[in-house]
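# Coordinate analysis (summary)
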Amino acid sequence: MIAGMQRRILVIIVTSKSKNFLGGFLDFFDALTCFAGIFMGYRLAGCRLLQQIKRSREKELFDMENKQEKGGLNKSLKLIFVYTVATGSIFTFVNYWDSVFYGYCGSGTFLAFALMTVAILPIALVYSELASLFHTSGGELIYNSVGINKHVGFFAAWLIMAAWISVPPAVVMAIMTWVNKTLNLNLGTWPMVGCAAVLLVLYFLMSIQNVQLLVKAQAGMLFCNITVTILTGFILLFSGHWHLSNFGNIFESGLSAVNGIPGWIIGMALLITPYFGFETVPQMVEEGDFPIKNSKKAICGSILTCGCIYVFYYFCVAGLDGLRDVYTNYAQDGFLTIATMQNVLGWTFWPIIVGILSCLLGMGASLLGFWMSTVRMLYSMANKNFLPKVFAKVNKNQQPMLPNIFLLVLSLIFIVLQNSSDFMSAFFNLMSFGCACAYALTMISAVCIHRKHPNWKSSNTVKGGDAFRIFAMLIAVAIAFFCTLGQGIDSWICFGVYLGVGVVIWLWMVCVNWKKHPVEIETPDGIQKF
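First, a word on scope: everything that follows refers to the structure included in this document. (Residues numbered from 1 in each chain as written. Predicted model: local features only at pLDDT ≥ 70, side-chain atom pairs only at ≥ 80, totals over all residues. Heavy atoms only, no water.)

### Some points on the pairing of strand E2 (residues 526-529)
The two faces of the sheet receive side chains in turn, since in a regular strand these alternate between them. Of the strand pairs in this sheet, strand E1 (residues 520-523) and E2 are connected by 4 bridges, and their pairing is antiparallel. Paired with Thr523 across the strands is Gly526, a residue of E2. Here E1 hands over to E2 after 2 residues, the two strands then running antiparallel side by side. (Pairing = 2+ DSSP bridges. Helix = DSSP H or I, 4+ residues; strand = E, 2+ residues; numbered from the N terminus.)

Here it is in structure tokens:
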């Protein structure tokens, strides 16, 4: 009997092929059980117990893996692709809304972008601190629910989505506007709406494919946009049509002063719109296969990349001959740089290249970035019991289906509203306000989280502690305040309608859903209920 046990121990040692700690531990426990059987006569019972433990553990691991594969997102994204999702979301309307930016800050647009880059970075650093604490998608939803309460968490997420969900309808209409102008199609409003709807459906079909396809397609679009934008800047700078004297008064603005606050300052605050997108990183961390602390590289890297290109490019554009005249006569509604190249420089080929690679692909990259982020926010809401669980179901490509369908339907409704009334144009005016409010709430929550849970240590803790977090909050509040100046009553009505829809959803959660299913959020201390 003892010899048999000795042979059993030898077999365990020789044949053990476990490649993880758990397997090695179980083999070691098996050997100890056999030794105990030699001296105490309990070999049979010990080995049977061991087999039961092994079978139970193997079943548990299988169930967890099966659940992750069939019921959750695909954890396969490299850091570079999370960075390109954020950068592609930010770097979008550079050659379409250039006329809007010029109307805000004139020839000093490049300086306004430089200042806004510096202003946004403290907010981004606090986001980086929070992102490394929580390992699931949700961003503002999680931070504000944990920091303050679930009610603020929901409305912070609702505010940030005001900016995100407005991008797909705006982008497809901008694409159709460029196509219509460039090809001289002379399409009417509703034929353009029809074509834009087809584009939305195509993007929807792309969005339900494997996430690797999405991020690689978006990265390719982003690369084309950045390359042609930088190249165009150098071409304009050395075209012979660029002179420093064309800058004039760099603090001149098309916006009127309000209560003594210069229009240029208000315009600079409105330039937060070309920066929102870095907050998409926390929506993608659940699918990342990189150390969570590296999310800071994606968040801050996306802002610095876009900020530097914005400053360089609009410096090159501001010195062009005839820019002011082109803005006044041709391009107040968009495509200022392209129109200047065509009408002043007399170029025909390069404006088309810029239109295809920067406008079409650049805006397509932004649409994909915000589409993915909105879908994952809705998915996170369902997982955390803010929305029905059906929103968390995924298809065979591990893409949330109902959030994708919901966003498609909403975008189709928005492009109709955008072209049949002033609803969407008025709503767009307050995108920047909603975004800044969400940032401000998140900064407050960062302070609250730090004080409630001082034992939670982030790998990206900001230097200066609460003083720095409060400083970032003040920046966000100041930007939100400036964004409200000069807004018409129509903008506030539209914003109120959007908030009203959020209130209806919130009331359903308070009166129905949360009574049955409390909010559950994964924290550094494990899953907590709110």
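### Things to note about helix H8 (residues 150-164)
The α-helix winds at 3.6 residues per turn, so residues separated by three or four positions along the chain end up facing the same way. Between its first and last C-alpha atoms H8 spans 21 Å; for 15 residues at 1.5 Å apiece the expected length is 21 Å, and the two agree. Among the 15 residues of H8, 12 are classified as buried, and the element is accordingly described as predominantly covered. For H8, the set of buried residues is Lys150, Gly153, Phe154, Ala156, Ala157, Trp158, Leu159, Ile160, Met161, Ala162, Ala163 and Trp164. Between the side-chain oxygen at the start of H8 and the backbone nitrogen of His151 there is a gap of 3.0 Å, and the oxygen is on Asn149. (Expected span 1.5 Å × (residues − 1). Buried < 20%, exposed > 50% of the residue type's maximum accessible area, 1.4 Å probe, protein only. Polar contact = N/O pair within 3.5 Å; in protein donor to acceptor, adjacent residues only side chain to side chain.)

### Brief notes about the state of the cysteines
The full count for this structure, using the stated rule, is 0 disulfides. Here Cys435 stays free of any disulfide, with the sulfur of Cys483 as its closest cysteine sulfur at 9.0 Å. The class of Cys435 is buried, set by a relative accessible area of 0%. (Disulfide = S-S within 2.5 Å.)

### Things to note about the nonpolar core
Formed by 165 residues in total, the largest nonpolar core has its most connected members in Ile123, Met161, Phe278, Tyr310, Met381 and Tyr439. The leading source of residues in this core is helix H17 (residues 349-383), at 17 residues. Residues within four places of Phe278 in sequence aside, it is in contact with Ala86, Ile90, Ile120, Ile123, Ala124, Tyr127, Ile299, Ser302, Ile303 and Tyr439. (Core = buried A, V, L, I, M, F, W, Y, C linked by side-chain atoms within 4.5 Å. Contact = heavy atoms within 4.5 Å.)

### Some words on the side chain of Ser107
With respect to the helices and strands, the residue Ser107 is situated in the loop between helix H5 (98-105) and helix H6 (109-131). On the accessibility criterion, Ser107 (5% relative accessible area) is buried. In terms of polar contacts, Ser107 uses its side chain to reach the backbone carbonyl oxygen of Phe247, at 2.5 Å. In this structure, Ser107 is in contact with Tyr102, Phe247, Asn249, Ile250 and Ala318, ignoring residues within four places of it in sequence.

### What about the side chain of Ser373?
Structurally, the position occupied by Ser373 is in helix H17. Here Ser373 falls in the buried class, since its relative accessible area comes to 0%. Among all residues touching Ser373, those that are not within four sequence positions of it are Trp164, Thr280 and Gln283.

### Re empty space enclosed by the protein
Here the structure, examined in full by the defined rule, presents 2 cavities of 30 Å³ or more. Taken as a whole, the largest cavity encloses approximately 120 Å³ of empty space. Of all the secondary structure elements, the ones that give two or more residues to the lining of the largest cavity are helix H4 (79-90), helix H9 (167-182) and H17. Per-class residue counts for the lining of the largest cavity are 14 nonpolar, 5 polar and no charged. Here the second largest cavity is characterised by a volume of approximately 70 Å³. Along its surface, the second largest cavity is lined by Asp98, Phe101, Tyr102, Gly106, Ser107, Thr109, Tyr314, Val317, Ala318, Leu323 and Leu336. Of the residues in the lining of the second largest cavity, the class split is 7 nonpolar, 3 polar and 1 charged. (1 Å grid on protein atoms, 1.4 Å probe; cavity = no way out; pocket = protein on both sides within 12 Å on 5 of 7 lines; lining within 4 Å. Points joined across faces, edges and corners; volume = space filled by probe spheres on them. Nonpolar A, V, L, I, M, F, W, Y, C, P; charged D, E, K, R; others polar.)

### So, the packing of aromatic side chains
For the coordinates displayed, the defined rule picks out 36 aromatic pairs. On the numbers, 6.0 Å between centres and 90° between planes, the contact of Phe101 with Tyr314 is edge-to-face. Separated by 213 residues along the polypeptide, Phe101 in helix H5 and Tyr314 in helix H14 (residues 295-318) bring together distant segments of the chain. Across the pair, Tyr314 and Phe101 agree in class, each one buried. Ring centres of Trp242 and Phe247 lie 5.8 Å apart, and the angle between their planes is 80°; this geometry places the pair in the edge-to-face category. Given the relative accessible area of 17%, Trp242 is considered buried. Three or more aromatic residues link up through ring pairs in this structure, and these residues are Phe91, Phe101, Phe113, Tyr275, Tyr310, Tyr313 and Tyr314. (Phe/Tyr/Trp six-rings, centres within 6.5 Å; stacked < 30°, edge-to-face > 60°.)

### A look at the pattern of salt bridges
If you walk through the whole model with that rule in mind, you get 6 salt bridges. In this structure, Glu252 engages Arg324 in a salt bridge whose closest nitrogen and oxygen atoms are separated by 3.5 Å. Residue Glu252 is located in the loop between helix H11 (211-237) and helix H12 (263-270), and its partner Arg324 is located in helix H15 (residues 323-329); the two are separated by 72 residues in the primary sequence. For Arg324, a relative accessible area of 40% gives the class partly exposed. Three or more residues are tied together by salt bridges with common partners; here these are Glu129, Arg451, Asp466 and Arg469. (Salt bridge = Lys/Arg side-chain N within 4 Å of Asp/Glu carboxyl O.)

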